[in-house]
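# Descriptive structure summary
Chain residues, written in single-letter form:
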Amino acid sequence: MTHLTGRYFGQSGPLFWLYIRTSLLTLVTLGIYRFWAKTRIRKYVWSASAGGEDSFEYTGTGLEKFLGFLVAIVILAIFLGFLNLILAFIGLNVIGVFEGSAADVTQIIVIYANFIALIPLFLFAAYRARRYKMARTRWRGLRFGMDQGAWGYVARALGHGLLAILTLGLLLPRATFYLEKYMVDRSWYGDAKFSQGGKWTALYPGLKHVAIAFAIIIVGAGLGVALNAPGLAGLAGFVGYIWMLIGFVYYRVSAFNYMMRERRLDGVVTFDAQAETGRVVTIALIGMLAVFGAMIAAGLVFLLVGMAVGFGAAFSGGPVDPDALGAGIFVLSAVGVLLYAAVLLMIGGINLVMITQKVIAHVIASVTVANAPHLDQIQQRAADTGADAEGFADALDIGGAI
Amino acid sequence: MRSISAARSDVPTGRFYDGEGGLRLDVEVEVDRAAGTLILRHADLPDGAQYWPLGAMRALKDQARADQMVLTLADMEAVDAGLITTARLSITGRDAIRTIRGAAPNIDKRDVKAGTFRKIGIYAASAVGAVALMVFVILPGLADQLAPLIPIEREVRWGKAVVSQMGRFLGEGSSEELTCEGAEGLAALTRMEERLTGPEGLGYNIDITVFDIDMVNAFAAPGGQIVLTRGLISAAPGADAVAGVLAHEIAHVDNRDVTRNALRIAGSAGLLSMALGDFAGGAIVVGVTQMVIDNSYTREAEFAADAYALDMLGAADVSGEGFAAFFDVLSKREGRLGVKLPEYLSTHPDTPGRAQRARDYAAEQGATRPVLTEADWAALQKVCG
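Residues numbered from 1 in each chain as written. Chains lettered and ligands numbered in written order. Predicted model: local features only at pLDDT ≥ 70, side-chain atom pairs only at ≥ 80, totals over all residues.

### Some thoughts on the overall build of chain B
Quick note on the threshold: What counts as a helix is a DSSP run of H or I of at least four residues, what counts as a strand is a run of E of at least two, and both are numbered from the N terminus. Counts of 20 or more other C-beta atoms within 10 Å of a residue's own C-beta define buried residues, counts of 12 or fewer define exposed ones, and intermediate counts define partly exposed ones; C-beta atoms are placed from the backbone. We call two residues in contact if the C-beta atoms placed from their backbones are at most 7 Å apart.
Regarding its fold elements, chain B presents 13 helices and 11 strands. When burial is assessed residue by residue, chain B has 35% of its 385 residues classed as buried. Of the contacts formed within chain B by residues at least 6 apart in sequence, a portion of 62% connects residues at least 24 apart.

Structure, rendered in structure tokens:
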């Protein structure tokens, strides 16, 4: 057998309850358990993902994440504290310097300066987080790893991002390609290096649905103005917007497939990926429906309890006893708070189980590894202890569910 | 894949990776209870076998697959140096999993390194200490240094903008509609201000406005803009009480408290939500904690403004008793409302304490004379018509 196929063993029930259990622990520890919670969820998802018979293993610990976070928070508190204060000072100094629209512009710049100053940090954190996850992933007992290079990534991401924005998105594929290549070219499995081949222009076909969406919006707006039919322009805008959302999913999926096919390990092991946009979109739609369903159910429960309290007061006979009314309001607000927490947990759980996990399952199952016997010769690599356990990503709250 | 299989059907097997290379060995496993080991047999292993101490064996946790159990070895000094913690043994089959689980006593044990809790304590205490130092010492200090660097004209402009928005903020319509126009009353207020600030005045042009609203309140906006409310003037037991409040607000102006506070709060904004993270209900905790920090800034400023106001009253030969009497009125009103926030949640220091400090100051004062004539006080009370 020279091929290995990706397999996913995860199930909805166990992961959902793992999520609920760890989220409750996070709640009662005022958020401190979240590092352990994320680690446990990762352990589950990694162990559910397999190449051939062998599952991946996540060896990160909640403890190291917590300590990495504590270090990051101090650095960020110092950096952000000074940054915010200086920006506020500049903001107060420019009040009233300009009149009219210039004043509005300076206001906006001062407000967004804060966010713009954070972008390099977000990029830095994103690279470090990926490096940490790689360093804590094993397969067949061998470690993955990633070289240092977060600042190089920040510089490139800023440059490519700026180019993509200045060209109104025309150079987006270039940014996508080179940023992913930067990371892949620094990635390792054991002593074997990954390398990213291919060319960035090959990502253009993936943008076709985004282009169609643009065309729909522009033609719709044009026709709407020409025929004086705002309804037509609105409809075209709506259709174009939905088309664009799906178009970007199509872009991401086709970029993933292409870059996976052009990727090599040790120069000989090759990959194939056949992820499908239709499947990803279907999963997301069903998941969103389930989230709406959960929200409606929670609303109904709240309504029923409210009605029960109201009826109780109305049928108690005679004048309403203020104590009973107070108790009713207390019950109602307690139910409200509990339901609020429960709904948030449910939504998080449903998102994780019905969207995130199912998309991961689909993507992993779409990957095939060719020339697999070469993997037998790969040797272990040294542990990467230098990573900050993605403390910056945790402090800046990026990275999502997993 | 070169899977070297020597498995007989009746013997449990496992997929073994030695932790140094990617080659898989399908080993036969056997529990040797007498020796306390799990024997892994394969022709390609050194000496044909490896012996895993049952007590050092651990199963990976939070695993998704029910069809296999992945075993690893704990990092223990007692374990043979030839065995390494990166080695992995995957056992498949229900019976084999059950047998090995039964034989390995510590299979679900969590290994916590000695000194871990100490380490957590040191890290957490240092982080909290460093962030607290930043929020309570460094940022306020820097804000205090920067505030005087802002030109007064900018502060005045900003203050005017704040005052003109205040009416909308209070939900009472535009500030222009709210402003009281009684000329004699305003003249009396100006005389009161001049008496308090003395002949040389302050660096600021004090600009006092009276809002026609019931609320008992007074604000100092940046750049010398002071707002008193009609409710405050009616509730005040006398002109000396209004003078105390006015002196307090002038103290805020001269200390540039609003500007300093804006800078301090801007500096610490968002640090907490970052530290506490985003979890269900977390927003409430963040909100309350942010309030405690922000209010500790203002409480400190209020305390200083009270002391400054008393000195101002003293220098103008106005009795501090009026200021104390005003706090008595405030205490009574707070008592009637029936809710009293604990001091750390409140923007102002505890009211009876403030009354006491004013009264103590008054007791030490020499001869005093009323801040306004009877006629001026009557005019001030009618400033809103």
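### Points about the overall build of chain A
Counting secondary structure elements, chain A contains 11 helices and 10 strands. Seen along its three principal axes, the alpha-carbon backbone of chain A occupies a region of about 85 × 55 × 50 Å. For chain A, the proportion of contacts with a sequence separation of at least 24, taken over those separated by at least 6, is 72%.

### Here we look at the nonpolar core
So the rule is basically this: A set of buried residues qualifies as a nonpolar core if it consists of Ala, Val, Leu, Ile, Met, Phe, Trp, Tyr and Cys joined through C-beta atoms within 7 Å.
Core analysis: the largest hydrophobic core is formed by 55 residues, its most contacted members being A:I73, A:A77, A:A395 and B:L263. Top contributing element to this core by residue count: helix α3 (residues 62-94) of chain A, with 14 residues. With near-sequence residues (within four places) excluded, A:A395 lies in contact with A:F69, A:A72, A:I73, A:L76 and B:M274. Membership of the second largest hydrophobic core comes to 52 residues, among which are B:A218, B:A251, B:M312 and B:V371.

### As for the sheet that holds strand β10 (residues 218-221) of chain B
Residues and elements named next belong to chain B. Definition in use: Between any two strands, at least two bridges found by DSSP are needed for them to pair. Note on geometry: axes are lines fitted to C-alpha atoms, helical ones only across the stretch in contact, with angles between N-to-C directions running from 0 to 180 degrees.
With respect to topology, three strands assemble into an open sheet ordered β9-β11-β10, the strand pairing being mixed. Every other strand in the sheet has two partners, leaving β9 (207-211) and β10 as the edge strands with one partner each. Strand-to-strand twist in this sheet, taken as the mean axis angle between neighbours without regard to direction, amounts to 20 degrees. Where β10 meets strand β11 (residues 225-229), four bridges bridge the pair, whose relative direction is antiparallel.

### So, the sheet that holds strand β8 (residues 263-265) of chain A
All names here are of chain A. Strands sit in the order β1-β2-β3-β4-β5-β6-β7-β8-β9-β10 around a closed barrel of 10 strands; the barrel is antiparallel. The average angle at which neighbouring strand axes cross in this sheet is 30 degrees, direction not considered. One ladder, built from two bridges, connects strand β2 (residues 49-51) with strand β3 (residues 54-58); its direction is antiparallel. Residue pairing for β3: A50 is matched across the bridge by S55. Contacts from helix α2 (residues 34-48) reach β1 (4-8), β2, β3 and β4 (137-139) within the one sheet, and its direction differs from that of β3 by about 160 degrees. Contacting β6 (187-189), β7 (192-196) and β8, helix α6 (residues 172-184) runs over the sheet at an angle of about 170 degrees to β7.

### Some thoughts on unusual backbone geometry
For A:R140, which is not a glycine, the phi torsion comes out positive at approximately 55 degrees. Topologically, A:R140 is positioned in the loop between β4 and β5 (142-146). Residue B:D317 is not a glycine yet carries a positive backbone phi of 60 degrees. With respect to the helices and strands, the residue B:D317 is situated in the loop between α10 (282-315) and α11 (321-337).

### Concerning the interface of chain B and chain A
Contact with chain B, which involves 54 residues of that partner, is made by 55 residues of chain A. Counting only elements with at least two residues in the side of chain B that touches chain A, the list comes to β2 (13-17), α2 (116-146), α3 (152-169), α8 (257-268), α9 (271-276) and α10 of chain B. Counting residues per element, the side of chain B that touches chain A draws most heavily on α2(B), at 11 residues.

### Considering the packing of α3(A) against α8(B)
Where we set the bar: Working rule for angles: under 35 degrees goes down as roughly parallel, over 145 as roughly antiparallel, 65 to 115 as roughly perpendicular, anything else as oblique. If you view the pair so one helix is near and one far, a crossing is left-handed when the near helix is turned anticlockwise from the far one by less than a right angle, and right-handed when it is turned clockwise. Residues are grouped as follows: Ala, Val, Leu, Ile, Met, Phe, Trp, Tyr, Cys and Pro are nonpolar; Asp, Glu, Lys and Arg are charged; all remaining types, including Gly, are polar.
Close contact between α3(A) and α8(B) brings their axes to 7 Å; oriented N to C, the two are set at 140 degrees. The orientation of α3(A) with respect to α8(B), classified from their angle, is oblique. Pair α3(A) / α8(B) crosses with right-handed handedness. Between α3(A) and α8(B), the residues in contact are A:G81, A:N84, A:L85, A:A88, A:F89 and A:L92 and B:T259, B:A262, B:L263, B:A266, B:G267 and B:S268, respectively. Residue composition of the contact of α3(A) with α8(B), grouped by class: seven nonpolar, five polar and no charged.

### What to know about the pairing of β5(A)
Residues and elements named next belong to chain A. Among the five residues that make up β5, five are buried, leaving the element largely enclosed by the rest of the structure. Where β4 and β5 come together, two bridges link them in antiparallel fashion. In the sheet register, R138 faces β5, and the bridge partner there is R143. Two successive antiparallel strands, β4 and β5, enclose a turn made up of two residues, where R140 displays a positive phi of approximately 55 degrees. Here β5 runs beside β6; their pairing, made up of three bridges, is antiparallel. Its bridge partner being in β6, F144 is matched across the sheet by Y189.

### Remarks on the environment of A:I347
Residues and elements named next belong to chain A. Here I347 lies in helix α10 (residues 322-365). Counting along the chain gives 175 residues from I347 to L172, while the straight-line C-alpha distance between them is 32 Å. Aside from chain neighbours lying at most four places away, what touches I347 is V291 and A294.

### Focus on the pairing of strand β3 (residues 24-32) of chain B
All names here are of chain B. Where β2 and β3 come together, five bridges link them in antiparallel fashion. By the bridge assignment for β3, Y17 is matched with R24. Hairpin connection of β2 to β3: six residues between the antiparallel strands, including G19 at a positive phi of 85 degrees. Here β3 hands over to strand β4 (residues 37-41) after four residues, with G36 in that stretch at a positive phi of 70 degrees.

### So, helix α5 (residues 183-197) of chain B
Each α-helix winds once per 3.6 residues, and so residues spaced three or four apart point in a common direction. Residue and element names in this part refer to chain B. The criterion, for reference: Under the convention used throughout, the expected extent of a helix is 1.5 Å for every residue step, that is, one less than its residue count.
Taking 1.5 Å of rise per residue, the 15 residues of α5 would be expected to cover 21 Å, and the 21 Å separating its terminal C-alpha atoms lies within 8% of that figure. Those residues of α5 that fall on the buried side of the exposure criterion are G185, A188, L189, M192, E193, R195, L196 and T197. Immediately downstream of α5, the backbone of G198 shows phi near 80 degrees, a positive value.

### Here we look at the environment of A:G231
Residue and element names in this part refer to chain A. Structurally, G231 can be placed in helix α8 (residues 230-261). Residue classification places G231 among the exposed positions, given that 9 C-beta atoms sit within 10 Å. Residues G231 and W188, spaced 43 residues apart in sequence, show a C-alpha to C-alpha distance of 54 Å.

### Here's the deal with the environment of A:E276
Examined against the element boundaries, A:E276 turns out to sit in the loop between β9 (269-273) and α9 (277-315). With 35 residues separating them along the chain, A:E276 and A:Y241 place their C-alpha atoms 21 Å apart.

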